[in-house]
Amino acid sequence: MTRRSTPPPALARPLLQRLQAGDVVHHLHPFTDPAELRKHPPRVIVRGQGVRIEDAEGREILDAMSGLWCVNLGYGRADLVEAATRQMLQLPYYNTFFHTTTEPAAELADELVRIAPPGMQAVFFTESGSSANDTMVRMVRRYWELQGQPGRQVLIARRNAYHGSTLGAASLGGMSEMHAQGGLPLPDFSHVEQPHRLLLGTPGESDAAFALRAAGWLEQRIAELGAERVAAFVMEPVQGAGGVIVPPPGYGREIQRICRRHGVLLVSDEVICGFGRLGEWFGCGHPRIDFEPDLITFAKGVTSGYLPLGGVLVGARVAEALAGQGEEFAHGFTYSGHPVCCAVALANLRALQREGVLQRVRDSAAPYLRRRFAELQQHPLAGDAEGLGMTAALVLWRDKARREAFPPEAQAGRRCREACFDCGVVMRAVGQRMVIAPPLVCSQADIDEIVRRIGLALERTLQGLRRDGWLH
Ligand code: PXG
């Protein structure tokens, strides 16, 4: 798609208006205030090609969020579509219960174990990241029962982590807004602080010292709870929905040491970081992150978002305990190992390999993104740019020199998100952190254009904030 001077609308206006009118009344959107939706009807996205999407009014928009952190290979991949079509025609569905399997499910399990960090032995398929995390919770608790330590029930995760929206995953996650609704978290979930330098670092503290101090919060919590009650610690390599929080070097190693010392299982939630987002198959393998998990949960990028699929990669320690009992693990989903989703995942993994996408992210795309994105800090609103692999974040400051934040009522993040859309780029607001996670296949020209449009949006945001009296 190229930019046209007067784009013809992709949907006729009456049709668009009918869709929007129905949508705001009959469609309950995730994490959306229905009253707000009625005030501002949703944008209708009609197609995508490469790293660009197009809305119903014919506007071309650079998708710097890869959908929701998932369209790693970009839009319009005929190879993924063909893999789905072929499998649909051959066998659109069969299950993996009751001693059956399908070709794509069996092949994908093999392939995932092959690309996983050493020690991973088996995979349990689910339909999403939330169900992957719920499966993992049941699995680690079952593991400890089988080990004769049924008291090990507590899962520790981090504040502001997002691990999904089902009861288990939302309890595991550390988002207070989610816990405030409907009596969460469930019992036996505990949360420690994030390794968030900007919020929790102290002046003059080295990265190495902060890494040890931040990892130490886990050890303190284990001591408070008693190790005999702790089943697992769960972390994302880089916190995604939490705002692209990159831990200091040394944090992962220290977390691993603490988990091993107390016999606690270590779980890497790779729903965002997996499949090349950080330039590695799994984010825990990035040299900056560097830990060896006992289990991995994944979703999103495994199919580049073309179809829903998630799962749990299980290390030998847990896989052998589950297998050695002569008893079934009473858990599973109708769509565990769905053959069409697995066929698309296989095609996606093959394309990532064939096209050397991970290598390219490591060698050129990620360093280029880091360098160009950092230049946005020349803008008076923007500071503290950081990121890893194909993720990046900056902070909107009211007064950068004095590190003064905007009051929440100024809605700086939200204004900037809307300005980005208006300038033709998708950026996600997490409070006053603005984050991107563009497709892994972005060219340098795409990155240049993303940065240029974000620059325009920052300027527009600044003007709006000034107009409404939020600047000094
Ligand atoms: N773990 C992590 C780390 C995630 O980011 C999930 C689990 C849950 O996956 P499912 O497939 O159940 O959605 C996620 C999902 C956002 C945003 O706005 C992030 C996610 C989902 C929706 C929105 O940043 N991450």
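Residues numbered from 1 in each chain as written. Predicted model: local features only at pLDDT ≥ 70, side-chain atom pairs only at ≥ 80, totals over all residues. Heavy atoms only, no water.

Novice: Explain unusual backbone geometry to me, and be specific about the residues and the numbers.
Specialist: Look at the link from leucine 184 to proline 185: it is a cis peptide, with omega at -5°. Backbone geometry at phenylalanine 31 places phi at a positive 45°, although glycine is not the residue there. Within the secondary structure layout, phenylalanine 31 lies in the loop between helix 1 (13–26) and helix 2 (34–39). Residue phenylalanine 31 is classed as exposed on the basis of its relative accessible area, which comes to 62%. Unusually for a residue other than glycine, aspartate 188 sits at a positive phi of about 70°. (Helix = DSSP H or I, 4+ residues; strand = E, 2+ residues; numbered from the N terminus. Buried < 20%, exposed > 50% of the residue type's maximum accessible area, 1.4 Å probe, protein only.)

Novice: Let's hear about the site of the ligand: which residues, and what values?
Specialist: Around the ligand sit 16 residues, and of these Trp69, Gly129, Ser130, Asp269 and Arg428 come closest. For the ligand, an oxygen atom lies 2.8 Å from a polar atom in the side chain of tryptophan 69. Here serine 130 contributes a side-chain N or O atom positioned 2.6 Å from an oxygen atom of the ligand. When isolated, the ligand has an accessible area of 540 Å², and the protein chains bury 83% of it. Of all the secondary structure elements, the ones that give two or more residues to the shell around the ligand are helix 3 (66–69) and helix 6 (129–146). (Near = heavy atom within 4 Å. Polar contact = N/O pair within 3.5 Å; in protein donor to acceptor, adjacent residues only side chain to side chain. Areas by Shrake-Rupley, 256 points an atom, 1.4 Å probe, with all protein chains shown as cover.)

Novice: Can you explain the sheet that holds strand 13 (residues 428–430)? Please cite residues and give values.
Specialist: Spatial ordering of the open sheet is given by 11-12-14-13, a layout of four strands whose pairing is antiparallel. The open sheet is flanked by strand 11 (382–386) and strand 13, the only strands paired with a single partner. In this sheet, adjacent strand axes meet at a mean angle of 25° when their direction is disregarded. Relative to strand 12 (residues 392–396), strand 11 is paired through three bridges, and the arrangement is antiparallel. Bridge pairing in strand 12 links alanine 382 to leucine 396. In the packing of helix 14 (residues 357–374) onto the sheet, the strands contacted are strand 11, strand 12 and strand 14 (433–436), and the crossing angle to strand 12 comes to about 10°. (Pairing = 2+ DSSP bridges. Axes fitted to C-alpha atoms, helices over the stretch in contact; angles between N-to-C directions. Contact = heavy atoms within 4.5 Å.)

Novice: Could you give an account of the environment of valine 44, with specific residues and numbers?
Specialist: Among the structural elements, valine 44 can be located in the loop between helix 2 and strand 1 (45–49). In this structure the C-alpha to C-alpha distance between valine 44 and leucine 19, which are 25 residues apart in sequence, comes to 8.5 Å. Each residue touching valine 44, except ones within four places of it in the same chain, is listed here: Leu11, Leu16, Gln20, Glu54, Asp55 and Ala56.

Novice: Can you break down the pattern of salt bridges residue by residue, with the values?
Specialist: By the definition in use, this model includes 41 salt bridges. The residue glutamate 60 makes a salt bridge to arginine 453 at a minimum N-O spacing of 3.1 Å. Remark: arginine 453 occurs in helix 16 (residues 444–467) and glutamate 60 occurs in strand 3 (residues 60–62); sequence separation between them is 393 residues. Accessibility classification places glutamate 60 together with arginine 453 in one group, the buried group. Arginine 253 is the salt-bridge partner of aspartate 290, the closest N and O atoms lying 3.2 Å from each other. Of this pair, aspartate 290 sits in the loop between strand 8 (265–269) and strand 9 (295–298) while arginine 253 sits in helix 11 (residues 251–261), and the two are 37 residues apart along the sequence. Taking relative accessible area as the criterion, aspartate 290 reaches 29% and is therefore assigned partly exposed. Residue arginine 253 is classed as partly exposed on the basis of its relative accessible area of 37%. Three or more residues joined by partner-sharing salt bridges are found here, namely Arg52, Glu60, Asp446, Glu449, Arg452 and Arg453. (Salt bridge = Lys/Arg side-chain N within 4 Å of Asp/Glu carboxyl O.)

Geometry only, nothing functional implied.
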